[in-house]
Amino acid sequence: YSVVDDPTSDSVHQLVEHFPLCMQHLYQNLCENLHLKHFARIQFNLFLKGIGLTVDEALAFWKKSFSNIDDAKFQKDYAYNIRHNYGAEGKRQDYKPLNCMSIITKQRPNTGQIHGCPFREFSPTNLRSKLVQMGVRNEEHIREILSLTDREHYQVACTKYFEITKGLLDDNDENMIETIEHPNEYLKASISLKKN
Ligand code: SF4
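In this text, all values refer to a predicted model and were calculated from it rather than measured experimentally.

What counts and what doesn't
- Residues numbered from 1 in each chain as written.
- Predicted model: local features only at pLDDT ≥ 70, side-chain atom pairs only at ≥ 80, totals over all residues.
- Heavy atoms only, no water.
- Near = heavy atom within 4 Å.
- Helix = DSSP H or I, 4+ residues; strand = E, 2+ residues; numbered from the N terminus.
- Nonpolar A, V, L, I, M, F, W, Y, C, P; charged D, E, K, R; others polar.
- Core = buried A, V, L, I, M, F, W, Y, C linked by side-chain atoms within 4.5 Å.
- Buried < 20%, exposed > 50% of the residue type's maximum accessible area, 1.4 Å probe, protein only.
- Domains from an automatic or database assignment.
- Contact = heavy atoms within 4.5 Å.
- Axes fitted to C-alpha atoms, helices over the stretch in contact; angles between N-to-C directions.
- Parallel < 35°, antiparallel > 145°, perpendicular 65-115°, else oblique.
- Left-handed = near helix turned anticlockwise from the far one by under 90°.
- Buried area = accessible area lost by both parts, 1.4 Å probe.
- Salt bridge = Lys/Arg side-chain N within 4 Å of Asp/Glu carboxyl O.
- Polar contact = N/O pair within 3.5 Å; in protein donor to acceptor, adjacent residues only side chain to side chain.
- Phe/Tyr/Trp six-rings, centres within 6.5 Å; stacked < 30°, edge-to-face > 60°.
- Lys NZ or Arg CZ within 6 Å of the ring centre and 35° of its normal.
- Expected span 1.5 Å × (residues − 1).

Draft legend 1. Here's a closer look at the site of the ligand. Close to the ligand lie Pro20, Cys22, Cys100, Ile103, Cys117, Pro118, Phe119, Gln155, Cys158, Ile180 and Pro183, which account for all nearby residues. Taken together, the elements giving at least two residues each to the shell around the ligand come down to α6 (100-105), α7 (118-121) and α10 (154-165). Across the shell around the ligand, the residue classes tally to 10 nonpolar, 1 polar and no charged.

Have a look at this one:
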């Protein structure tokens, strides 16, 4: 899925505009709270891996992001798991970036957890606010997305969100995309659109 040449810990901040809503949400929370809980970290860390960050760049990203945690605590409580996702610890399993189906169906968030897919997990009121915050202001567009999530078509809702926010409103537009299956695929589609 890598679409950026040699991405560094700093590249992440420049790519935010291309993130799908799930990763936008995690990123915003990370910036506000200087922390993410376990499953949110795994979801976001594997997304970074999918962008092409090396394990050292991923560690640098998390270290800078958890700016109120000292190095000893970071190494003790977080670095192992970050390396583990990269297959650099434990059984050395090379974990793949999570696809939408895994994010939507597995390890769904409990109260106080923010990982998962916003189209699946947010209440209609919260999703509406989030959409408005992200620039979806047209009431018809908002209703269309809410209706899709209500019918449990979460990935179709995400695809519709992509099309609306990218201004792809004509069904015959050559840039129209297939239904989103993977957050890194969303990022890739967004970057290629900008390049065109
Ligand atoms: Fe993320 Fe996939 Fe949900 Fe879109 S459908 S927000 S890419 S998990």
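Draft legend 2. View of the nonpolar core. Counting residues in each nonpolar core, the largest one holds 52 residues, and the members touching the most others are Phe19, Phe44, Trp62, Phe74 and Phe119. For this core, the two domains that each supply at least three residues are domain 1 (12-85) and domain 2 (113-195). Those residues in contact with phenylalanine 119 that lie beyond four places of it in its chain are Leu21, Leu127, Ile145, Thr149, Tyr154, Ala157, Cys158 and Tyr161.

Draft legend 3. Structural view of the packing of helix α8 (residues 124-133) against helix α9 (residues 139-150). Put simply, α8 and α9 touch, their axes get as near as 11 Å, and they point 140 degrees apart. In terms of orientation, α8 lies oblique with respect to α9. Handedness of the α8/α9 crossing: right-handed. Residue-level contacts link Pro124, Leu127, Arg128, Leu131 and Val132 of α8 to Glu139, Ile142, Ile145, Leu146 and Thr149 of α9.

Draft legend 4. Quick peek at the domain arrangement of the protein chain. Under the domain assignment used here, the protein chain contains domain 1 (12-85) and domain 2 (113-195). Centre-to-centre, using C-alpha coordinates, domain 1 lies 23 Å away from domain 2. Contacts between the two partners involve 20 residues from domain 1 and, on the opposite side, 21 residues from domain 2. Roughly 1,800 Å² is buried in total at the junction of domain 1 and domain 2, and carbon and sulfur atoms are behind 69% of that figure. The largest share of the area that domain 1 buries against domain 2 comes from His18, Leu21 and His25, three residues that together contribute 39% of it. Taken together, domain 1 and domain 2 are joined by 0 salt bridges. Counting across the interface, domain 1 meets domain 2 through 6 residue pairs in polar contact (both at pLDDT 80 or more). The leading source of residues in the side of domain 1 that touches domain 2 is helix α2 (residues 21-33), at 8 residues.

Draft legend 5. Seen up close, the packing of α9 against α10. In the contact formed by α9 and α10, the axes pass within 8 Å of each other and the chain directions differ by 165 degrees. Relative to α10, α9 is oriented roughly antiparallel. As for how α9 packs across α10, the hand of that crossing is left-handed. Together, His141, Glu144, Ile145, Leu148 and Thr149 of α9 and Tyr154, Val156, Ala157, Lys160, Tyr161 and Ile164 of α10 make up the contact between the two elements. Of the residues contributing to the contact of α9 with α10, the split by class is 7 nonpolar, 2 polar and 2 charged.

Draft legend 6. Focus on the packing of aromatic side chains. Under the criterion given, the structure shown has 13 aromatic pairs. Relative to phenylalanine 74, the ring of phenylalanine 66 has its centre 6.4 Å away and its plane inclined at 90 degrees; by these criteria the two rings are edge-to-face. Residue phenylalanine 74 is classed as buried on the basis of its relative accessible area, which comes to 2%. Chaining the aromatic ring pairs together yields one cluster made of Phe19, Tyr27, Phe44, Phe47, Phe61, Trp62, Phe66, Phe74 and Tyr78. Above the plane of the ring of tyrosine 86 lies lysine 49, whose end atom (NZ or CZ) is 5.4 Å from the centre.

Draft legend 7. Fine view of α2. Counted at 1.5 Å a residue, the expected span for α2 with its 13 residues is 18 Å, and the 18 Å between its end C-alpha atoms agrees. Burial runs high along α2: 10 of the 13 residues are buried. Looking at α2, one finds that the buried residues are Leu21, Cys22, Met23, Gln24, His25, Leu26, Tyr27, Gln28, Asn29 and Leu30. Looking one or two residues beyond α2, the residue adopting positive phi is leucine 34, at roughly 55 degrees.

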